[in-house]
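Close look at the chain arrangement
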Amino acid sequence: MFEKRYLGSRFTASLMLVAAIAITAVSGLSYMKMREPGPDIDRVVPHAGFEHKRLSDWFEGLAGTPADTDIYVQEGAEPGGTVLILGGTHANEPAGVIAAVVMLEQADVKRGRLMIAPYANPMARTHTFPQDAHPQTFSFRTPNGVTRAFRYGARITNPVNEWPNPDIYIHPESGQTMAGIERSNLNRAHPGVADGGATERLAYGFMELIKQEKVDLAIDLHEASPEYPVVDALVAHERAMELAAMVTMELEFEGVPIRLEPSPKNLRGLNHREWGDNADVLAVLLETCNASAGRFRGRTDEALILTGEDKAYEKAAGLGRLYVPWESFDKRFEERVARHVTTVRLLADNLEFVREGKGVTVEGLPAYQELSDLGVGAFLSD
Ligand SMILES: [Zn+2]
């Protein structure tokens with residue numbers, strides 16, 4: 001009797017072990033695939049006139065490292081200023097990434113220069129957060145039926161590239177202390193350290209680009225959880241406030257209401273904060289609403305990324321527990337991308353008024369309603 005039970009439990013244990021190894025192998029391979037996703041994932045088709053560069057062209061210390069990233073530059077016939085756009089500072093904020101890609105594929109620069117970094121932190125694109133159950137990719141269809149797929153990454157650099165993080169991260173410039181994980185957050189690592197960690201070096205590269213190219217306006221595209229108070233917002237460095245205020249009014253006229261927020265001076269390491277503090281650039285950050293990153297969310301799949309509809313949020317909003325105007329947020333993916341693209345267009349359009357002779361004119365960008373009606377796929381190339 002005793003022996004039989006003993007054999008049975010040994011059999012169960014062996015079965016569990018085999019199952020555990022199988023699950024680990026399958027998920028491990030799937031995880032590894034995020035690092036080499038193949039040529040069809042994250043592919044971009046830049047508009048005619050864009051020149052492909054790498055951030056290491058401005059900071060050699062990035063060459064040959066996983067932190068190096070693509071920069072696309074287009075110069076118009078007429079001289080003007082320079083606008084820099086970053087998508088994917090946080091790789092789990094997909095509308096910021098795709099807005100940068102849409103502009104890369106549609107922008108026709110007439111005056112000045114446009115520089116786009118669609119995947120600002122490439123090391124954040126190779127993993128998703130453990131236990132967050134995010135899908136690894138999401139996709140759109142072009143009018144010709146071609147599928148364009150993109151990775152959904154994480155907020156921070158992959159631990160494979162930067163490990164271990166300290167218990168407490170001391171921001172090198174200011175001495176401000178943060179959670180250790182923030183060392184791997186590009187949006188806390190600015191202005192960067194030339195011989196620092198991978199993320200600090202990446203930040204240093206962007207700072208060098210901004211200084212060497214004398215960038216006039218730098219725009220960092222983000223998304224936030226719905227419960228975060230700064231959603232559908234334009235956060236401006238104090239020197240960019242005049243420009244941001246003009247754009248806020250124009251957005252109201254175009255039926256795209258936005259919150260204008262002054263950037264807190266004492267919150268250090270953020271891209272736009274340090275760009276504005278360390279260079280002669282007007283720096284802003286844009287936020288849209290991303291339910292797929294929210295803490296209340298239910299089922300986390302591609303549909304949630306693209307529709308922004310979530311029963312848990314609906315319920316929380318209905319009970320008055322969200323404390324944010326959930327109903328009025330732009331939730332659909334195409335609305336979020338449209339909001340980013342429209343805000344960028346108006347910022348560039350108004351640059352001339354705050355920096356004479358430094359205007360930047362970009363044609364070909366879809367209007368808010370057009371993008372919202374036709375969807376993102378209509379503005380991606382085959
Ligand atoms: Zn962000």
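Let me sum up the structure you'll find in this document. (Residues numbered from 1 in each chain as written. Predicted model: local features only at pLDDT ≥ 70, side-chain atom pairs only at ≥ 80, totals over all residues. Heavy atoms only, no water.)

1. Focus: the packing of helix α2 (residues 94–106) against helix α9 (residues 333–354)
Geometrically, a packed helix pair is captured by the angle between its two axes and the distance between the axes. Rules: The axes used here are C-alpha line fits, helices contributing only the stretch in contact, and every angle between their N-to-C directions lies in the interval 0 to 180 degrees. Each helix is a run of H or I in the DSSP string that is no shorter than four residues. Each strand is a run of E no shorter than two, and both are numbered from the N terminus. For classification purposes, angles smaller than 35 degrees are called roughly parallel, those larger than 145 roughly antiparallel, those between 65 and 115 roughly perpendicular, and all remaining angles oblique. Whether a crossing is left-handed or right-handed is set by the direction in which the near helix is turned from the far one by less than a right angle, anticlockwise for left-handed and clockwise for right-handed. Residues are treated as being in contact if the distance between any of their heavy atoms lies within 4.5 Å. Classes in brief: Ala, Val, Leu, Ile, Met, Phe, Trp, Tyr, Cys and Pro nonpolar; Asp, Glu, Lys and Arg charged; the others, Gly included, polar.
Contact geometry of α2 with α9 gives a least axis separation of 9 Å together with a crossing angle of 60°. When the interaxial angle is binned, α2 and α9 end up oblique. Relative to α9, the crossing made by α2 is right-handed. Here α2 contributes Pro94, Ala95, Gly96, Ile98, Ala99, Val102 and Met103 to the contact with α9, which in turn contributes Phe333, Arg336, Val337, His340, Val341 and Val344. Residue classes in the contact of α2 with α9 are distributed as 10 nonpolar, two polar and one charged.

2. Side note on the coordination of the zinc ion
To keep things clear, this is the line we draw: Here the coordinating atoms are restricted to nitrogen, oxygen and sulfur within 2.8 Å of the metal centre, or 3.2 Å for Na, K and Ca, and because water is not among them the sites may look incomplete. Square planar and octahedral sites, with four and six donors, are those where opposite donors lie more than 155 degrees apart and all other angles lie between 65 and 115, tetrahedral sites have four donors with every angle between 85 and 135 degrees, and the rest are irregular. The buried label applies to any residue whose accessible area, calculated with a 1.4 Å probe on protein chains only, is under 20% of its type's maximum; exposed applies above 50%, and partly exposed to all values in between.
Those protein atoms acting as donors to the zinc ion are His90 (ND1), Glu93 (OE), Glu93 (OE) and His222 (ND1), and they sit at 2.1 to 2.3 Å. Geometry at the zinc ion is irregular, judged from the four donor atoms that bind it and their angles of 59 to 151° at the metal. Sequence spacing among the residues donating to the zinc ion works out to H-x2-E-x128-H. Separated by 132 residues along the polypeptide, His90 in the loop between β3 (78–86) and α2 and His222 in strand β9 (residues 217–224) bring together distant segments of the chain. Overall, the relative accessible area of 2% leaves His222 in the buried class.

3. Details of the pattern of salt bridges
Selection rule: Every case where a carboxyl oxygen of Asp or Glu lies within 4 Å of a side-chain nitrogen of Lys or Arg is listed as a salt bridge.
In total, this model carries 28 salt bridges according to the counting rule given. A salt bridge links Arg125 to Asp42; the nearest nitrogen and oxygen atoms lie 3.0 Å apart. Placement of the pair is Arg125 in the loop between β4 (108–117) and β5 (137–141) and Asp42 in the loop between α1 (2–33) and β1 (51–54), with a sequence separation of 83 residues. Assigned by exposure class, Arg125 and Asp42 land together as buried.

4. Re a nonpolar patch on the surface
Which entries qualify depends on this criterion: Patch membership requires more than 30% relative accessible area and the absence of a salt bridge. Residues of like charge join within 9 Å; the nonpolar side chains Val, Leu, Ile, Met, Phe, Trp and Tyr join within 5 Å. Per-residue and other accessible areas follow the Shrake-Rupley method at a 1.4 Å probe size, with only the shown protein chains counted as cover for residues.
A cluster of nonpolar side chains, contributed by Tyr31, Met32 and Val160, occupies part of the molecular surface with about 280 Å² of accessible area. Take Met32: it is sitting in helix α1.

5. Quick word on the layout of surface pockets
Unoccupied space between atoms shows up once a probe the size of one water molecule is rolled over them. Using the following cut-off: Cavity means a closed set of points on a 1 Å grid over the protein atoms alone, one where a 1.4 Å probe fits but cannot get out, pocket means an open set with protein on both sides within 12 Å along at least 5 of 7 lines, and lining means a residue has an atom within 4 Å of a point. Grid points are joined across faces, edges and corners, and a volume is the space filled by probe spheres set on the points.
For the largest pocket, the calculated volume is near 550 Å³. Along the walls of the largest pocket sit 28 residues, with Arg155, Glu223, Ala224, Tyr228 and Glu287 positioned nearest its centre. Per-element accounting of the lining of the largest pocket gives the leading share, three residues, to β9. Among the residues making up the lining of the largest pocket, the classes are represented as 11 nonpolar, eight polar and nine charged. As for the second largest pocket, its lining consists of 17 residues, and the residues nearest its centre are Arg35, Pro66, Pro122, Thr126 and Arg151. In terms of residue class, the lining of the second largest pocket is built from five nonpolar, four polar and eight charged.

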